[in-house]
Amino acid sequence: MSFFGLDFIKKKERELERKLRANDREYNLIFKYATNAIKTSKYNFFTFLPLNLFEQFQRIANAYFLFLLVLQVIPQISSLSWFTTVVPLVLVLSVTAAKDATDDINRHRSDNHVNNRKVQVLIDRKLRNEKWMDVQVGDIIKLENNQFVTADLLLLSSSEPLNLVYIETAELDGLVCIELSAVNVQIVHYLFCTCNSLSPFCSGSFPHPSAHLLFSSSSICPPVFIRETNLKVRQALTVTGDLGDDIERLADFNGEVRCEPPNNRLDRFKGTLTYADQKYPLDNEKILLRGCTLRNTEWCFGLVLFGGPETKLMQNCGKSTFKRTSIDRLMNVLVLCIFGFLAFMCTILAIGNYVWELNEGSNLTAFLPRQNGNDAALSAFLTFWSYVIILNTLVPISLYVSVEIIRLGNSFYIDWDSKMFYTRNNTPAEARTTTLNEELGQIKYVFSDKTGTLTQNIMTFNKCSINGKCYGDIYDYTGQRLDITEHTETVDFSFNTLADPRFVFHDHALVEAVKLENPEVHAFFRLLALCHTVMVEEKKEGEIFYQAQSPDEGALVTAARNFGFVFRSRTPDSISIVEMGQQCSYELLAILDFNNIRKRMSVIVRSPEGKLSLYCKGADTIVYERLHQSCSKMMDVTTEHLNEFAGEGLRTLVLAYKDLDEEYFSQWKQRHHQASTELEERESKLDQLYEEIEKDLLLLGATAIEDKLQDGVPQTIEQLSKADIKIWVLTGDKQETAENIGYSCNLLREEMKEVFVISGNSSEDVRQELRNARMKMKPDVVEESVFLPERTLSQRVKTVADEVADGEYGLVINGHSLAYALDHSTELELLKTACMCKAVICCRVTPLQKAQVVELVKKYKQAVTLAIGDGANDVSMIRAAHIGVGISGQEGMQAVLSSDYSFAQFRFLQRLLLVHGRWSYLRMCKFLRYFFYKNFTFTFVHFWYAFFCGFSAQTVYDEWFITLYNLMYTALPVLGMSLFDQDVNDVWSFEHPQLYIPGQLNLYFSKRSFFKCALHSCYSSLVLFFIPYAAMYNTVRDDGKDVADYQSFALLTQTCLLFAVSIQLGLEMSYWTAVNTFFVLGSLAIYFAVTFTMYSNGLFLALPSAFPFVGIGRNSLQQPNVWLTILLTSILCVLPVVTYRFLLMQLCPTINDKVMFKVRQAKATPPPPTQRARIRRTSSRRSGYAFSHAQGYGDLVTSGRFLRRPAVSRSTALTHMGRTTSGFSPMGRSAGYSPTGRPQNIKAPDVEVTSLQMYRTISDPVP
């Protein structure tokens, strides 16, 4: 085989393994790896015209009209001039080409912007500024703080200790947790970029004997609330980290990398580095991916592994699938039917011509001599093609131009909608596609991400319960609870010099309890300040920034800070806090592991006085089981508070503690060390030790954190539910967190009969749980699947029929159970059960599972789906759905770039669907019904005329009228209706969401309505042909001259047609504007102006062959009988329509009819929309526990490997041991350590103990 042939085969072979060598371009060029340039554009200057035309003529309609044009240049066939087809065709091609060119120019600009970015590349032992597009595989590049990562890199070295780098992955994942990934620690293998901490927990060997838990480093979070960020940490190999920023050593680096070929797995990387005769493993924790941004790192060096289209970012982008609306798909079927009907009509007329030629044609040979060889059969064949040309207006090319204009106009309405503009971020709504607007009015299923889509990623400390007393609500002088607004007075924390001034709390009773040295309150906040894995950064004295692995922890530690218990610093073995202005250092002895099974975490500390204590926080159901029996009374009161918190959608944790015996703890610690070094059953042994020590706890209280929803989310979900839109939440969060948000946003409600939780660990278990749930919802359900008949010609999969449940139910399913449920043998059971539920929440789902759920609904349900998300982990779901919506928020732009529509807040979805979507669907349906009506009517008149002209393919209208009918005379009125019409305004659309339901059922345009339209057109064409024919037959003018000529009949027929279709348009229109009125009346005026001009003597003398209808206009239109005929035909055409609509409204009114009647009753002054009152739930049967912490960071805390910066030196006024009141003046003495407060503290004599505070005193034994 030739050299070139081998080259060709090599290029086409799939890459199995990547090999590259650092600083060796010649070696790497052998493999012909892709450069770092990206190309998303389709055309260039030379290929645009041929490629674009080729693409356009692949559309059946364009190819059909090109075929007609070819027929029209054949004299023996065509009875129409070529310009009747060329003008519309050129217009369509030009408009489409201009749109495609504009889109591609934008893609070119985007590509050039990215490709021309600069980065420092090590070339010839020097750092040079090179364009991104010139970077090659094997190059070593230098990145600096806040720079985008140029390509997929192997991290070599960095400016940070231990060769760490901090990266923001918002552009990649939309992930909303802070994550630390280190080389030699095996506790974070489950964290990966494309999902929100989804994989099973892992654990490994931990060198520190007393730790086995969690920690993370992150970006700096504002202390007033904790916003989840996207900072992650990567660490280089020690062998490459030693290279530092020494250019000479980096230039001498010649390591060889063998790794996996290019792929789209963001969570995985496998490879090896061979350097200095040693082989080192490479994994995902040493890789920087293109699309990330370097943060909090002065510089780093990396080796390019994949460039341009081979990077994981570009591999995930892929090619967007071309989405078509259901109306488009229906149109394809209807167009095929129309083509068949056209062929049928042409065949009938060809047969008629054949019969006529045989019977009548021979008698007219003297007048119409036949050419040699022409017989009846050939005449019939030519007539068939002639009528194909004449009757082509059944599918006019202007239809497609008009559809594109309407869609473009409705897209502009979305872009220009000021009510969808988010002023805080200066972000408008954007219609990123112009082809799916009407699909927005037919949505049945909405698939939504949670974090960043429904929520703001903000956690706030909202309420708490301490020693049986609830704090957080405010009351008036009568004891009535008041709603908290932005104008409500806030607590003054000026007494605490280390408090964050942005922290907001409204209940003054809590801060007073702190100042009064309430021992339980002090113990409560002391626990929050000690029991966590938060890291602190203090660059300047008093400027404290918390770095929390979970936003819940950050919010709790921030609350403790403001109430006088300030977490200040930590070392591997100690935690320093400031208690009421006094510096204290606690020895950190152990951090007990948190995971989804334990649902709690604990710390064991030794106080400055030498007292051992265990502090625990976790889910109420878990902690309650481990409480001392003396806490039963307080547990009952706290449970009431927890129920109230959960009813308000707050995330709750229960706090407890116990004092430990020194001797017991010493023995327990030895056993813990033994268990932590076991090779077998380590986890179970550690769990047993944790269970042993975490018992007989004393209850302190509970916290309630608000995972702040975006504004208007509950109201939006309620409105969409009223519109019969089913909402499924697909999230990577834990079940507790997702359920909690479900209740907060009204997706799940206490009024539901039951919320099913599917958590089976096998396919059979999941199937049985789904079946049991379905049996409860509908006891008489049959096991066999109920299918609907196939609805379209191209649909191969049968559609599952909807089943109605006996009441309202919810469904929650975990990711591991969902994996079994999505199996081919179980997917139908999942679909039928889920579709019977009012709300569905899927937890711990991967991006792939999100797409699979959407595909499942698309596959078996004849419904339109919409997916909405804000991160790259939602891209697959967004692309899988019929319509994808991106939230342009904090998690990058990948979701937006892959979406069809974007805006800044979830609440705008109701306006997008209930207003813009419904209007677009209604307008498009009216347009199609009217367009087919006016063109079928126009065309059928030709059909009837054929029986009176010897089937000679003679047109009934003037050629200029045929050309201008769709382009000028009827174009603007129908466009005006399709752009401005609305049955009710936006206020009434929100007031009556049920108006949306007809769109889901395809009631406005379907095959049935299409055939009704065809029958109406058939009737109208009969009226429009035979009434003028009868009126002109044997008719004379006032002066006795004959008017029954072909040209007069043509003018009368086309004038009657134009009046009839204009009146029909007026009946279709619900909302008359000045523009609509101008378009309708203006089009009629244009018709008469053009008619008198073209039928004038001047044009006839200039071009007699092109303008043969000389004088017909002024001769015919001045006759009274002509106008009487126009009036009669117009009345007869619209009379059946008016009668049918009147009877329909009286006997079977639709929801639209009812609402429009209300509008007319309100005399065009609709009432303001009712504001949904906030419902306070006072109790709940469910747990409000939700804690987004992750397992496995305690070792990092206690080992101190990633404590980046030492704490700044403290003021000498702050002592490290003991308790003095220097620098702080609360109301009373500073609190002592003991949580019960009895040994060290004496209550102020003037402070009365409340009944709730006495629970602890009563339950504790008397000393």
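Our subject is the structure listed above.
Residues numbered from 1 in each chain as written. Predicted model: local features only at pLDDT ≥ 70, side-chain atom pairs only at ≥ 80, totals over all residues. Heavy atoms only, no water.

**Thoughts on the overall build of the chain**
Of regular secondary structure, the chain possesses 40 helices and 39 strands. Of all 1263 residues assigned to the chain, the portion counted as buried reaches 58%. For the chain, long-range pairs separated by at least 24 residues make up 76% of all intrachain contacts whose partners lie at least 6 apart in sequence. When the accessible surface of the chain is split by element, carbon and sulfur atoms take 58% of a total near 53,000 Å². (Helix = DSSP H or I, 4+ residues; strand = E, 2+ residues; numbered from the N terminus. Buried < 20%, exposed > 50% of the residue type's maximum accessible area, 1.4 Å probe, protein only. Contact = heavy atoms within 4.5 Å. Areas by Shrake-Rupley, 256 points an atom, 1.4 Å probe, with all protein chains shown as cover.)

**Examining the environment of Asn467**
If you trace the backbone, Asn467 turns up in the loop between β18 (455–466) and β19 (469–471). Overall, Asn467 belongs to the buried group, its relative accessible area being 2%.

**Remarks on the sheet that holds strand β5 (residues 152–158)**
The strand order across the open sheet built from 6 strands is β3-β2-β4-β15-β5-β13, with neighbouring strands paired in antiparallel fashion. The two strands at the open ends of the sheet, each matched to only one other strand, are β3 (126–131) and β13 (287–288). The pairing of strand β4 (residues 140–144) with strand β15 (residues 299–306) spans 5 bridges and is classified as antiparallel. Bridge assignment links Ile141 to a residue of β15, and that residue is Gly302. (Pairing = 2+ DSSP bridges.)

**Quick notes on a nonpolar patch on the surface**
Residues Phe341, Phe344, Ile348, Phe947, Phe948, Leu1022 and Phe1026 make up a contiguous nonpolar surface patch of about 610 Å² in total accessible area. Of all elements in the fold, only α9 (326–359) and α32 (1007–1032) reach the threshold of two or more residues within the nonpolar patch. Among the elements that make up the nonpolar patch, the one with the highest residue count is α9 (3 residues). Within the secondary structure, Ile348 is located in helix α9. (Patch = residues over 30% accessible without salt bridge, like charges linked within 9 Å, V, L, I, M, F, W, Y side chains within 5 Å. Salt bridge = Lys/Arg side-chain N within 4 Å of Asp/Glu carboxyl O.)

**Side note on the sheet that holds strand β12 (residues 278–282)**
Strand pairing within a sheet occurs via backbone hydrogen bonds; the two strands may be parallel or antiparallel. In spatial order, the strands read β1-β10-β11-β12; together these 4 strands make up an open sheet with antiparallel pairing. Only two strands of the sheet have a single partner each, and these edge strands are β1 (18–21) and β12. Adjacent strand axes in the sheet meet at a mean angle of 20 degrees, parallel and antiparallel pairs treated alike. By the bridge criterion, 4 bridges tie β1 to strand β10 (residues 256–259) in an arrangement that is antiparallel. Note that in β10 the partner of Arg21 across the bridge is Glu256. (Axes fitted to C-alpha atoms, helices over the stretch in contact; angles between N-to-C directions.)

**Observations regarding the environment of Ser759**
Looking at the element boundaries, Ser759 is found in the loop between β32 (754–758) and α21 (763–777). With 53 residues separating them in the primary sequence, Ser759 and Val812 have C-alpha atoms 8.6 Å apart. Sequence-distant contacts of Ser759, defined by excluding residues within four places in its chain, comprise Glu769, Asn814, His816 and Ser817.

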